[in-house]
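# Chain and residue survey
Here is how the chains run, residue by residue.
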Amino acid sequence: MKISVEDVRYIAKLAKLSISFEQAQKMVKEFEGILTHFESIGRLDLGDAQPEPLERDSGTVLREDETSVFEDKKKLFLNTKSISDSYIEVPKIIE
Amino acid sequence: MSIHEMTAFEIRKGIVKRQFSARDVVTAFFDRIYEKEPLVDGFLTLCREEALTKAEQIDRKIQRGEQLGKLGGIPIAVKDNICTDGIRTTCASRMLHDFIPPYDATVVKRLKEADAVIIGKTNMDEFAMGSSTENSAFKNTKNPWDREIVPGGSSGGSAAVVSAGMAALALGSDTGGSIRQPAAFCGVVGLKPTYGLVSRFGLIAFGSSLDQIGPLAKNIKDSALALEAIQGKDKYDSTSVRHSITKDYMSTIESSVKGMKIGVPVEFFDSGLDEEIAFSIKGCIKKLKEIGAFVEDISLPITEEGLSAYYIISSAEASSNLGRFDGLRYGYRTKDYSSLDQLVERSRSEGFGEEVKRRIMLGTFALSSGYYDAYYSTAQKLRARIKEQFIKVFENYDILLSPVSPVLPFKIGEKVANPLEMYLSDIYTVNINLAGLPAISMPCGISNTGLPIGLQIIGPHFGEEKLFKAAYALEQELKPTAMHPML
């Protein structure tokens, strides 16, 4: 399958990735090879095959919400970049 | 025999019989790690202090005459995409280089309940995407059999540390062969359980409908022992199952395979399979016939197309699962940004490695408007067809035999420049994940160049008991435990 640098950059944008023109050029070649291989599935006659949902236990897969006290609050904040009082500070997200 | 050479069973037995203490075991394994880890680079994090504390708890249990858990005192390494409370869990990615989970994955909780001793976290391909562990953001793990050779992937660190005697057991995860292929490359036993048998809660997701956690072990009995400890329903994973679970594999593992019906898919032996691997597997078929199994050729016609379906579905799921890494709440955040879009894009672009970005983009493409039907939808239909095909085959056969990899373990750097070639090396393992079946990879020979060769045994859904039975019988014939790398 033929694709262009613009196609690759558009997909990168959808995927929330920024790539340079040179990276996009390299990816065009790689993607063409991979997507050509993927096309093999289009040649199969799958007739009326239906994608099936994953098998699960009978009954609902949802469980009741349960609250519990997380004793070690420090542990919860270990991965945050910044804390102000008891709040997690994140970069400004409303512009 | 040194403690690090013992199997998990022998270690537990030795502790129970007070031949040595759990502390002796941990000390012996860390001595081995300090000596050999610089040669192998299998670990990302070591947990010596935590391991010694746990060992002392176990020794106190023994002194009090209390019953020891199933994995009592056994040193185990855990792949670094499985969350460990208070221990860094990186997925071998810059994105999570400083991530410390505030909770244990269910499998880790079960290991601890079974008195296992966690000794460290192992290297892997970033976010489990790869077949050689070369996609780790931190280091290249070397194959203990030949340090110029890859250990396989993505659970390459787990396979290498078991093979090198630096852990008695390890956990890995398998989305398209990531336990079985490194097990084959490093000469150990790797089990991918039936989808739903082992909880995925706390496993950092790659392809949620395909991922499954399983053990890497020195032999078949150790593998069964580890599965008994980690399997079972978990309310935090809605895809884990309550029914169809065999609780005890040990009572049947030594029973005869006489009369067992074994199918060999002819498509798995087409051109493209290394001749030495084919020769070794034919040797296994001969052995199984000699001990009374009934073996015949069968046909599984859509093997090759399954590889495409696998890469489409797993990449699509990865593009969705990895959407959560945005640099806002945790994980890597770029230093240089002036808008929200820029913050997210730059954090992701700097935090993810090349292969992860490639898979996210392939998945985004397969799900995008105009291509969804041709790629994702067709792949899902093909997946259903593959599953039907396997279920039909298992109406007449107990297990199937196949190679694990079409090629022998390859050199570090050999396939890095060609991603498609790397993907093609997964051809015999991915269909098993698409169908949700269990499969075990076990050593079955050594190549002329001195590298291990693996055999794959595939079973019906929840047919782990049959896998262990056949694999154990074959192991007794082949005696592969006598093979170990000269490090």
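Let us look at the structure shown here. Just so you know, these numbers come straight off a predicted model, no measurement behind them. (Residues numbered from 1 in each chain as written. Chains lettered and ligands numbered in written order. Predicted model: local features only at pLDDT ≥ 70, side-chain atom pairs only at ≥ 80, totals over all residues. Heavy atoms only, no water.)

### Considering the overall build of chain A
When helices and strands are counted, chain A shows three helices and two strands. Secondary structure elements of chain A occur, N-terminal to C-terminal, as α-α-α-β-β. By residue count, 27% of the 95 residues in chain A fall in the buried class. If you take every contact in chain A between residues at least 6 apart in sequence, the share linking residues at least 24 apart comes to 31%. (Helix = DSSP H or I, 4+ residues; strand = E, 2+ residues; numbered from the N terminus. Buried < 20%, exposed > 50% of the residue type's maximum accessible area, 1.4 Å probe, protein only. Contact = heavy atoms within 4.5 Å.)

### What to know about the overall build of chain B
Across its full length, chain B holds 16 helices and eleven strands. Over its C-alpha trace chain B gives a radius of gyration of 21 Å, about what one expects of a compact globule, namely 23 Å for 487 residues. Principal-axis analysis of the C-alpha atoms gives chain B an extent of 65 × 55 × 45 Å. In chain B, once contacts between residues fewer than 6 apart in sequence are set aside, the share between residues at least 24 apart is 76%. Accessible surface, chain B as shown: approximately 16,400 Å² in total, 48% of it carbon and sulfur. Each charge class in chain B can be summarised by its mean position, and for the 57 positive and 60 negative side chains these summaries are 5 Å apart. (Rg over C-alpha atoms; globule rule 2.2 N^0.38 Å. Areas by Shrake-Rupley, 256 points an atom, 1.4 Å probe, with all protein chains shown as cover. Lys, Arg positive; Asp, Glu negative; His and termini not counted. Charge placed at Lys NZ, Arg CZ, Asp CG, Glu CD.)

### Digging into a nonpolar patch on the surface
All names here are of chain A. A grouping of Ile-88, Val-90, Ile-93 and Ile-94 is seen on the molecular surface, where their side chains present a nonpolar patch of about 370 Å² in accessible area. Mapped onto the secondary structure, Ile-94 falls in the segment after strand 2 (87-88). Note on Ile-94: relative accessible area 67%, which makes it exposed. (Patch = residues over 30% accessible without salt bridge, like charges linked within 9 Å, V, L, I, M, F, W, Y side chains within 5 Å. Salt bridge = Lys/Arg side-chain N within 4 Å of Asp/Glu carboxyl O.)

### Focus on the packing of aromatic side chains
All names here are of chain B. By the definition in use, this model includes 17 aromatic pairs over all chains. Each ring, one from Phe-185 and one from Phe-410, has its centre 5.7 Å from the other, and the planes form 85 degrees; the classification is edge-to-face. Within this pair, whereas Phe-185 is found in helix 6 (residues 180-186), its partner Phe-410 is found in the loop between strand 9 (399-403) and helix 14 (419-424), the two being separated by 225 residues in sequence. Side by side, Phe-185 and Phe-410 carry an identical accessibility label, which is buried. Between Phe-365 and Tyr-375, the aromatic rings sit 5.4 Å apart at their centres with planes inclined by 65 degrees, giving edge-to-face as the arrangement. Placement of Phe-365 in helix 12 (residues 354-367) and of Tyr-375 in helix 13 (residues 373-393) is noted, with a sequence separation of ten residues between them. For the residue pair Phe-365 and Tyr-375, the accessibility class agrees, reading buried in each case. Aromatic rings pair up to connect Phe-99, Phe-127, Phe-325, Tyr-330 and Phe-352 into one cluster. Taking NZ or CZ as reference, Lys-261 lies 5.4 Å from the ring centre of Tyr-397, over its face. Over the face of the ring belonging to Phe-410 we find Lys-415, whose NZ or CZ atom lies 5.1 Å from the ring centre. (Phe/Tyr/Trp six-rings, centres within 6.5 Å; stacked < 30°, edge-to-face > 60°. Lys NZ or Arg CZ within 6 Å of the ring centre and 35° of its normal.)

### Some points on the packing of helix 2 (residues 22-40) of chain B against helix 3 (residues 48-63) of chain B
All names here are of chain B. As a packed pair, helix 2 and helix 3 sit with axes 7 Å apart at the nearest point and diverge in direction by 155 degrees. Relative to helix 3, helix 2 is oriented roughly antiparallel. Counting all contacts with helix 2, which are made through Ala-22, Arg-23, Val-26, Thr-27, Phe-30 and Tyr-34, the residues of helix 3 involved are Arg-48, Ala-51, Leu-52, Ala-55, Glu-56, Ile-58 and Asp-59. Residues that form the contact of helix 2 with helix 3 fall into these classes: eight nonpolar, one polar and four charged. (Axes fitted to C-alpha atoms, helices over the stretch in contact; angles between N-to-C directions. Parallel < 35°, antiparallel > 145°, perpendicular 65-115°, else oblique. Nonpolar A, V, L, I, M, F, W, Y, C, P; charged D, E, K, R; others polar.)

### Here we look at the nonpolar core
Counting 170 residues, the largest nonpolar core has B:Phe127, B:Met361 and B:Ile457 as its most contacted members. No other element matches the eight residues that helix 10 (residues 303-321) of chain B contributes to this core. Those residues in contact with B:Met361, other than ones at most four positions away along the chain, are A:Val8, A:Ile11, A:Ala12, A:Ala15, A:Leu17, A:Ile19, A:Met27 and A:Phe31. (Core = buried A, V, L, I, M, F, W, Y, C linked by side-chain atoms within 4.5 Å.)

### Let's talk about the interface of chain A and chain B
Counting from both sides, the interface comprises 49 residues of chain A and, opposite them, 64 residues of chain B. With both chains or domains summed, chain A and chain B bury close to 5,100 Å², and 65% of this area falls on carbon and sulfur atoms. There are five salt bridges connecting chain A and chain B. Put simply, B:Glu354 and A:Lys26 hold a salt bridge, and the shortest N to O gap is 2.6 Å. (Buried area = accessible area lost by both parts, 1.4 Å probe.)

### Examining the packing of helix 10 of chain B against helix 13 of chain B
All names here are of chain B. Where helix 10 meets helix 13, the closest approach of the two axes is 9 Å, and the angle between their N-to-C directions is 125 degrees. With respect to their mutual orientation, helix 10 and helix 13 come out oblique. Here helix 10 runs over helix 13; the crossing is left-handed. Of the residues in helix 13, those touching helix 10 at Glu-305, Gly-306, Ala-309, Ile-312, Ile-313, Ala-316 and Glu-317 are Tyr-375, Tyr-376, Ala-379, Gln-380, Leu-382, Arg-383 and Ile-386. (Left-handed = near helix turned anticlockwise from the far one by under 90°.)

### Quick word on the pairing of strand 6 (residues 212-217) of chain B
Residues and elements named next belong to chain B. Most of strand 6 is tucked away: six of the six residues are buried. Bridging between strand 4 (residues 169-174) and strand 6 involves six bridges; their strand directions are antiparallel. Each residue of the ladder has a partner; that of Asp-174, found in strand 6, is Gln-212. The pairing of strand 5 (residues 189-192) with strand 6 spans two bridges and is antiparallel. Within strand 6, the position partnered with Val-189 by the bridge is Ala-217. (Pairing = 2+ DSSP bridges.)

### Let's talk about the sheet that holds strand 1 (residues 43-46) of chain B
Within a sheet, adjacent strands bond to each other through the backbone by hydrogen bonds, running parallel or antiparallel. Residues and elements named next belong to chain B. With mixed pairing, the eleven strands of this open sheet are ordered in space as 1-3-2-4-6-5-10-11-9-7-8. Each edge of the open sheet carries a strand with a single partner, namely strand 1 and strand 8 (294-298). Going from strand to strand, the sheet's axes swing by 30 degrees on average, the running direction of each strand aside. Here helix 16 (residues 464-478) sits on the sheet and contacts strand 5, strand 9, strand 10 (439-446) and strand 11 (452-458); the angle it forms with strand 10, its principal contact strand, is near 10 degrees.

### Concerning the environment of B:Pro419
Secondary-structure assignment places B:Pro419 in helix 14. Exposure remark for B:Pro419: the relative accessible area of 7% places this residue in the buried category. Distance from B:Pro419 to B:Glu355, taken between C-alpha atoms, is 8.3 Å for residues 64 residues apart in sequence. If near-sequence neighbours (up to four positions away) are discounted, B:Pro419 is found in contact with A:Glu30, B:Glu355 and B:Arg358.

### Quick look at helix 12 of chain B
With 14 residues, helix 12 of chain B ought to run about 20 Å at 1.5 Å a step, and its terminal C-alpha atoms sit 20 Å apart, in line with that. Among the 14 residues that make up helix 12 of chain B, twelve are buried, leaving the element largely enclosed by the rest of the structure. Considered for burial, the residues of helix 12 of chain B that qualify are B:Glu355, B:Val356, B:Lys357, B:Arg358, B:Arg359, B:Ile360, B:Met361, B:Leu362, B:Gly363, B:Thr364, B:Phe365 and B:Ala366. In this fold, the buried residues of helix 12 of chain B make contact with helix 1 (5-14) and helix 2 (21-38) of chain A together with helix 10, helix 11 (340-351), helix 13 and helix 14 of chain B. (Expected span 1.5 Å × (residues − 1).)

### What about the pattern of salt bridges?
Scanning the entire structure with this criterion turns up 32 salt bridges over all chains. Between B:Glu35 and B:Lys36 there is a salt bridge, and its shortest N-O distance comes to 3.3 Å. A salt bridge links B:Glu49 to B:Arg48, with the nearest nitrogen and oxygen atoms 3.9 Å apart. The exposure class of B:Arg48 is partly exposed, given its relative accessible area of 31%. What you see here is one network of salt bridges that share partners, running through A:Lys26, A:Glu30, B:Glu354, B:Glu355, B:Arg358 and B:Arg359.

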